[in-house]
Amino acid sequence: MDKLIVMGGTRLKGSISVSGAKNAVLPIMAAGILNDGESIIHNVPNLEDVKVMIKVLEAVGAKVKKEGTTLIIDSSTVNSYELSDSLVRKMRASNLVMGALAAKFGTFKTLYPGGCNIGSRPIDLHLKGLERLGLKTSEGHGYIEGKSSGLVGNSIHLDFPSVGATENIMMAACMAKGKTIIRNAAREPEIVDLQNFLNSMGANVKGAGLDVIKIEGVKKLKSSPVEHTVIPDRIEAGTHMVAAAITGGDVEIKNIIVEHVEPVISKLRECGASISNYNNCVRVTVPGRIRANDFRTLPYPGFPTDMQPQIMALMSLAQGTSVISESIFDNRFKHVDELRRMGADIKVEGRVAIVTGTERLTGAFVEATDLRAGAALVLAGLAAEDATVIENIYHIDRGYDNLEKKYSQLGAKIIRVSNLNGSN
Ligand code: UD1
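Residues numbered from 1 in each chain as written. Predicted model: local features only at pLDDT ≥ 70, side-chain atom pairs only at ≥ 80, totals over all residues. Heavy atoms only, no water.

Things to note about the pairing of strand E11 (residues 179-183)
One ladder, built from three bridges, connects strand E10 (residues 155-157) with E11; its direction is parallel. By the bridge assignment for E11, His 157 is matched with Arg 183. The parallel pair E10 and E11 is bridged by helix H5 (residues 163-173), and the resulting crossover is right-handed. (Pairing = 2+ DSSP bridges. Helix = DSSP H or I, 4+ residues; strand = E, 2+ residues; numbered from the N terminus. Right-handed = clockwise from strand over helix to strand, strands pointing away.)

In structure tokens:
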């Protein structure tokens, strides 16, 4: 497995462009199953998760072509509602095909999904929502099965604004008979992107971005080709902002939607970063040492849980003590041990981490335990003294398109190594 070696101590300087959003493209790809024609999707990032989703779509019979950053999904050949392939276990987002298959066939069967190891991630809300549309679901032998004789719209109240459950229900409801209302829906920008894609296929979805989404079922979606451009990745953008802040750099981050990164911008400003924004760009500079601040992860538009590990890396070097509360996932502190190896002073009590900033971190051998934990280690490595060797970077490749190349362009000393010391 590849490793990254980061030689810390360089102030990042220059301009960097953000790729398409992982969390937008994955549900959009799943929705590509719904019509009986071509979906042409632009601004698709080159990620391991996208490769897994391509295989998921192929497993149900779709034909998928990738040309640069454009993906063409032909769903006219989709002929299976069953996913028994073990690749489903590789990525939690593969559960997003449940809603699309249920809409298309009235039934689905899939292995229980896997994915990032960040606490228990049940799918009860997905299944409860689909059941409200008339699907009878059952679980057994590692499979989830849903059966119906046709979905019927209904009103659904989510106990928690789950991103994946909202997306699955939106897709399932597109062709259900009558009207579906999702209350306490997730409000993330990726939900809005999915709504736009579904509507371009002829669906009738309204309200995404608010906590009530209304879907009027249509009999059939368009089979003529649809085109869509994926929104920029707000978590990638936030990661680069922290990269600028942690190295005391001066970085322009291009191709973003500033509003989507406001929750991160406002907190970084409180920490002493100077951030200006113009024309879908932000420029991050840091006049002095970053100051500690408290963070609490919340559903959008709160501070994103997907930025919690990166912000913890930054707080490890800040002046003062920060309290970081993780309210979305129950076990998302695996990066703490790795940051400690680099000299960070972090105590964990339940879902709260208390980070006392130190003057310096030192390079060490560390492991990317999940996607954003891996990103946090890259950031810590950029600021640490000497070399940091990050193992298991498959996780980073799942969600960042060419991270080391982007940071090299900003002056970072970071290289990818295959089979270091002959080990695998
Ligand atoms: C999505 C994102 C992920 C992000 C997360 C929260 C994608 C592909 N992934 O994941 O990067 O970290 O949103 O912003 O978009 N839950 C239940 N039952 C359910 C569903 C969820 O209890 O049926 C719980 C989860 O265990 C978790 C919380 O709800 O504690 C949030 O999960 P959810 O919003 O569903 O996250 P994902 O869609 O999996």
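Details of the side chain of Asp 306
Tracing the sequence through the fold places Asp 306 in the loop between strand E18 (295-296) and helix H9 (308-315). Among residues more than four places away in sequence, those in contact with Asp 306 are Asn 23, Ile 235, Arg 332 and Arg 372. (Contact = heavy atoms within 4.5 Å.)

Topic: the environment of Phe 333
Note that Phe 333 resides in the loop between strand E19 (321-325) and helix H10 (335-341). Sequence separation of Phe 333 and Ser 224 is 109 residues, and the distance between their C-alpha atoms is 46 Å.

Examining the domain arrangement of the chain
Partitioning the chain into domains gives domain 1 (3-19 + 232-417) and domain 2 (22-229). Just the C-alpha atoms count here: the centres of domain 1 and domain 2 sit 30 Å apart. With 25 residues of domain 1 at the contact, the number on the domain 2 side is 22 residues. Summed over the shared surface of domain 1 and domain 2, the result is two salt bridges. The residue Arg 398 makes a salt bridge to Asp 49 at a minimum N-O spacing of 2.8 Å. Our count for the contact surface shared by domain 1 and domain 2 stands at six residue pairs in polar contact (both at pLDDT 80 or more). Broken down by secondary-structure element, the contributors of at least two residues to the side of domain 1 that touches domain 2 are helix H11 (371-383) and helix H12 (394-399). The element best represented in the side of domain 1 that touches domain 2 is H12, accounting for four residues. Broken down by class, the residue content of the side of domain 1 that touches domain 2 amounts to nine nonpolar, five polar and 11 charged. (Domains from an automatic or database assignment. Salt bridge = Lys/Arg side-chain N within 4 Å of Asp/Glu carboxyl O. Polar contact = N/O pair within 3.5 Å; in protein donor to acceptor, adjacent residues only side chain to side chain. Nonpolar A, V, L, I, M, F, W, Y, C, P; charged D, E, K, R; others polar.)

Quick word on helix H2 (residues 48-59)
The terminal C-alpha atoms of H2, which comprises 12 residues, lie 17 Å apart, in line with the 16 Å expected from a rise of 1.5 Å per residue. Of the surrounding elements, those touching the buried residues of H2 are helix H1 (22-31), strand E4 (63-67), strand E5 (70-74), strand E6 (82-83), helix H3 (97-105) and H12. (Expected span 1.5 Å × (residues − 1).)

A closer look at the pattern of salt bridges
Using the criterion set out here, one finds 21 salt bridges in the structure. With a shortest N-O distance of 3.0 Å, Glu 48 and Lys 51 are connected by a salt bridge. With Glu 48 and Lys 51 both in helix H2 and three residues apart, this pair spans about one turn of that helix. Taking relative accessible area as the criterion, Lys 51 reaches 40% and is therefore assigned partly exposed. Lys 406 is paired through a salt bridge with Glu 236; the nearest N and O atoms lie 2.7 Å apart. Note that Lys 406 is positioned in helix H13 (residues 403-409) and Glu 236 in helix H7 (residues 234-246), a separation of 170 residues in sequence. Residue classification places Lys 406 among the buried positions, given a relative accessible area of 11%. Given the relative accessible area of 4%, Glu 236 is considered buried. (Buried < 20%, exposed > 50% of the residue type's maximum accessible area, 1.4 Å probe, protein only.)

Overview of helix H4 (residues 124-132)
Those residues of H4 lying buried are Leu 125, His 126, Leu 127, Gly 129 and Leu 130. Where H4 is buried, its residues meet H3, strand E7 (107-111), strand E8 (136-140), strand E9 (143-147), E10 and H5. Positive backbone phi, approximately 105°, marks Gly 134, located one or two places after H4.

Thoughts on the sheet that holds strand E3 (residues 38-42)
Remark on secondary structure: sheet strands pair via backbone hydrogen bonds, oriented parallel or antiparallel. If you trace the four strands from one edge of the open sheet to the other, you get E4-E5-E3-E14, paired in mixed fashion. With one partner strand each, in any of the chains shown, E4 and strand E14 (226-229) form the two edges of the open sheet. Taking each pair of neighbouring strands and ignoring which way they run, the sheet shows an average axis angle of 15°. As paired strands, E3 and E14 are joined by four bridges and run parallel to one another. Residue pairing in the sheet places Ile 40 in a bridge with Glu 227 of E14. Across the sheet, H2 is in contact with E4 and E5; its angle to E4 comes to roughly 150°. (Axes fitted to C-alpha atoms, helices over the stretch in contact; angles between N-to-C directions.)

Structural notes on the sheet that holds strand E13 (residues 212-216)
Strands sit in the order E10-E11-E13-E12 across an open sheet of four strands; the sheet is mixed. One side of each edge strand has no neighbouring strand; the edge strands of this open sheet are E10 and strand E12 (204-206). Between one strand and the next, the sheet's axes are offset by a mean angle of 15°, whatever the strand orientation. Sitting on the sheet, H5 is in contact with E10, E11, E12 and E13, with an inclination near 170° to E11.

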